[in-house]
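So you can see what is in the structure, the chains are spelled out below.
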Amino acid sequence: MKDIMQKIMEFRDERGWAPYHNEKDLAISISLEANELLENFQWRNSEEAVAESIQNIKEEMADVFIYLLQLAEKMNVDLEEEAFKKMEKNALKYPVNKE
């Protein structure tokens, strides 16, 4: 994760975009990119969408990921740690039903 974070921040910094990447705007960008991802599935079933738009789906997924990593960096959030914590919380909330 460290390597991709560094590459993303270098890309941002080389272009002078850091001053525009505040928490609010990064969160908005995540939402916008997620909606662009969702647009690939509009009016199609999953199989059709993937068959017809796999490259665009991958690119939109990457956009969401890139903005999310930038937001995490801006807020000093360790996403890996937070994901593990959230999974533990979800395990308590949604226990395995072993009937």
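Now for a look at the structure at hand.

Scoring rules and cut-offs
Chains are numbered independently. Their residues run from 1 in the order of the written sequence. Confidence filtering applies because this is a predicted model: local features only for residues at pLDDT of at least 70, side-chain atom pairs given and counted only at 80 or more, and all residues used for totals across whole chains, interfaces and linings. For the side-chain quantities, the full set of heavy atoms in the structure was used; hydrogens and water were omitted. Salt bridges are identified by distance alone: a Lys or Arg side-chain nitrogen within 4 Å of an Asp or Glu carboxyl oxygen. Relative accessibility under 20% of the residue-type maximum defines a buried residue, over 50% an exposed one, and the middle range a partly exposed one, all with a 1.4 Å probe and only protein chains included. What counts as a ring pair is set by centres within 6.5 Å for rings of Phe, Tyr and Trp (its six-membered ring), and what kind of pair is set by the plane angle: stacked under 30 degrees, edge-to-face over 60, tilted for all other angles. Charge-over-ring placement is defined geometrically: NZ (Lys) or CZ (Arg) within 6 Å of the ring centre, and within 35 degrees of the ring normal. A run of H or I in DSSP becomes a helix once it reaches four residues, and a run of E becomes a strand once it reaches two; helices and strands are each numbered from the N terminus.

**Re the pattern of salt bridges**
If you walk through the whole model with that rule in mind, you get seven salt bridges. Ionic pairing is found between R44 and E52, a salt bridge with its closest N-O pair at 3.3 Å. Taking the relative accessible area as the measure of exposure, R44 reaches 30% and is therefore partly exposed. For E52, a relative accessible area of 56% gives the class exposed.

**Focus: the packing of aromatic side chains**
Tallied over the entire structure, the rule returns one aromatic pair. Relative to W17, the ring of F11 has its centre 5.7 Å away and its plane inclined at 70 degrees; by these criteria the two rings are edge-to-face. For F11, a relative accessible area of 41% corresponds to the partly exposed category. Residue W17 is classed as partly exposed on the basis of its relative accessible area of 39%. Of note, R15 hangs over the ring of F11, and the distance from its end group to the ring centre comes to 3.5 Å.

**Comments concerning unusual backbone geometry**
Phi is positive for W43, which is not a glycine, with a value near 65 degrees. Position of W43 among the secondary structure elements: in the loop between helix 2 (23-39) and helix 3 (46-74). Taking relative accessible area as the criterion, W43 reaches 79% and is therefore assigned exposed. Here the phi dihedral of N76 falls at roughly 55 degrees; this positive angle occurs in a residue that is not glycine. Take N76: it is sitting in the loop between helix 3 and helix 4 (79-93). Residue class for N76 comes out exposed when judged on its relative accessible area of 74%.

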